[in-house]
Amino acid sequence: MILSCGEALIDMLPRTSTLGEAAFAPYAGGAVFNTAIALGRLGAPAGFFSGISTDMLGEILAETLTASKVETKFCARSGRPTTVAFVKLVEGQATYAFYDENTAGSMLAEADLPQLDASVQALFFGGISLVTEPAASSYEALQLRETAARVTMIDPNIRPGFIAGKEGPYRARIERMIARADIVKLSDEDLHWLEGAGDIAALARGILAKGPKIVFITEGAAGARGFTATQERFVAAQKVVVADTVGAGDTFNAGALAALHQAGVLSKAGLSTVTDAQLDAALDLGGRAAAVTVSRAGANPPWAHEL
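On a predicted model such as this, the values are computed, not experimentally measured, just so you know.

Draft legend 1. Main features of a nonpolar patch on the surface. Taken together, the side chains of F24, F86 and Y99 define a hydrophobic patch exposed on the protein surface, amounting to about 310 Å² of accessible area. Mapped onto the fold, F86 is located in strand β8 (residues 84-90). Exposure remark for F86: the relative accessible area of 31% places this residue in the partly exposed category.

Draft legend 2. Representation of the pattern of salt bridges in the model. Throughout the structure, instances matching the rule amount to 19 salt bridges. Residue K73 is joined to D117 by a salt bridge in which the shortest nitrogen-to-oxygen separation is 3.1 Å. Taken together, the residues K73 in the loop between β6 (70-71) and β7 (76-78) and D117 in the loop between β9 (93-99) and β10 (122-126) connect sequence positions 44 residues apart. When salt bridges that share partners are traced, they join E133, E140, R173, R176 and R180 into one network.

Draft legend 3. Representation of the state of the cysteines. According to the stated counting rule, one finds zero disulfides in the structure shown. Considering cysteine sulfurs only, C75 is the nearest to C5, which forms no disulfide, with 9.5 Å between them. Judged by relative accessible area, C5 falls into the buried class, the value being 0%.

Draft legend 4. Main features of unusual backbone geometry. In this structure, the amide linkage connecting E133 to the following residue, P134, adopts the cis form with an omega of 5°. Its location among the elements puts P134 in the loop between β10 and α3 (135-146). Residue K69 is not a glycine yet carries a positive backbone phi of 65°. Structurally, K69 is set in the loop between α2 (56-67) and β6. One non-glycine residue with positive phi stands out, namely N102, at about 55°. Position of N102 relative to the elements: it lies in the loop between β9 and β10. The partly exposed category is assigned to N102, whose relative accessible area is 46%.

Draft legend 5. Layout of the sheet that holds β6. Pairing within the open sheet is mixed, and its nine strands lie in the order β6-β4-β1-β10-β11-β12-β13-β14-β15. Two strands close off the open sheet at either side, each with one partner strand: β6 and β15 (232-236). Pairing of strand β1 (residues 2-5) with strand β4 (residues 46-49), which is carried by four bridges, proceeds in the parallel orientation. Bridging across to β4, S4 finds its partner in F48. Here α3 sits on the sheet and contacts β1, β4, β10 and β11 (151-155); the angle it forms with β10, its principal contact strand, is near 150°. Taken strand by strand, helix α9 (residues 276-294) contacts β13 (214-218), β14 (223-227) and β15, and its axis lies near 35° from that of β15.

Draft legend 6. Representation of the packing of aromatic side chains. Considering all chains together, one arrives at seven aromatic pairs under this definition. Summarising the aromatic geometry, the rings of F33 and F48 are spaced 5.7 Å apart at their centres and angled 90° between planes, so their arrangement reads as edge-to-face. With a gap of 15 residues between them, F33 in helix α1 (residues 31-41) and F48 in strand β4 connect regions that are remote in the sequence. Comparing F33 with F48 shows no difference in burial state: the two are buried. Measuring from ring centre to ring centre gives 6.0 Å for Y170 and W193, while their planes differ by 70°; the resulting arrangement is edge-to-face.

Reading the values: rules and limits
- Residues numbered from 1 in each chain as written.
- Predicted model: local features only at pLDDT ≥ 70, side-chain atom pairs only at ≥ 80, totals over all residues.
- Heavy atoms only, no water.
- Patch = residues over 30% accessible without salt bridge, like charges linked within 9 Å, V, L, I, M, F, W, Y side chains within 5 Å.
- Areas by Shrake-Rupley, 256 points an atom, 1.4 Å probe, with all protein chains shown as cover.
- Salt bridge = Lys/Arg side-chain N within 4 Å of Asp/Glu carboxyl O.
- Helix = DSSP H or I, 4+ residues; strand = E, 2+ residues; numbered from the N terminus.
- Buried < 20%, exposed > 50% of the residue type's maximum accessible area, 1.4 Å probe, protein only.
- Disulfide = S-S within 2.5 Å.
- Pairing = 2+ DSSP bridges.
- Contact = heavy atoms within 4.5 Å.
- Axes fitted to C-alpha atoms, helices over the stretch in contact; angles between N-to-C directions.
- Phe/Tyr/Trp six-rings, centres within 6.5 Å; stacked < 30°, edge-to-face > 60°.

What is shown is where atoms sit, not what they do.
Below you can see the structure in the form of structure tokens.
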């Protein structure tokens, strides 16, 4: 099982009512939640861990996970409210207004961390769950606890507006988690936020030097690159009509993980010997799955049969 660990929330996406009024419609989402959903739909053994409310919106989250074949037994349920994010789209790019204070997700504590069984092969971390305390420290503690025995991957999916005023502790946490991770995925924008200006390949190799075995860098409509200590691979993005970009990177993560799982290399030893063909397959499945997601509104990752 690939266990995605991080935020689950309700995205309020802009719509137009039948009367022509501006409106918002609720959709289950969150970066790490989206990755779990995409993994389940792609046929990978998928699980999810987060703090999920027992309120009406929390039930929507749990039902959506189950419908996409994602195991929910590790989730920490509580009576705290569900995180809500209002989304504004400008030329297909999403900006967010988060309502996250004292929610089931943000108040996740180390005491809520699950005891994992042998079915869990890899853990995925990222998103806004690594910003707000106490949840951020709890997820880091889970990675620290499990990193010696299981593959871990991180995609920080950096939201500068959300981390305003918390940049120092946030950056330090991301640096620590990157150093422990086996796989790191960054968008080109995230890479420059972390490492500054410079050549993407050189900056990606700087990330590798911190400890990971594989670094994926996504470059939007151009495609994505994969780096190891001895390899650099590139797969171009599929050309599609973009509805919006919500969930694109999250879906890429799922495709890359699913491909590595299918190849039988999603292990400490396997990642150390990954071949060019296996890296290309991870970049390809990640890109093809993300292309479907951006071609339709909201974070709606594809099922395997759609590819």
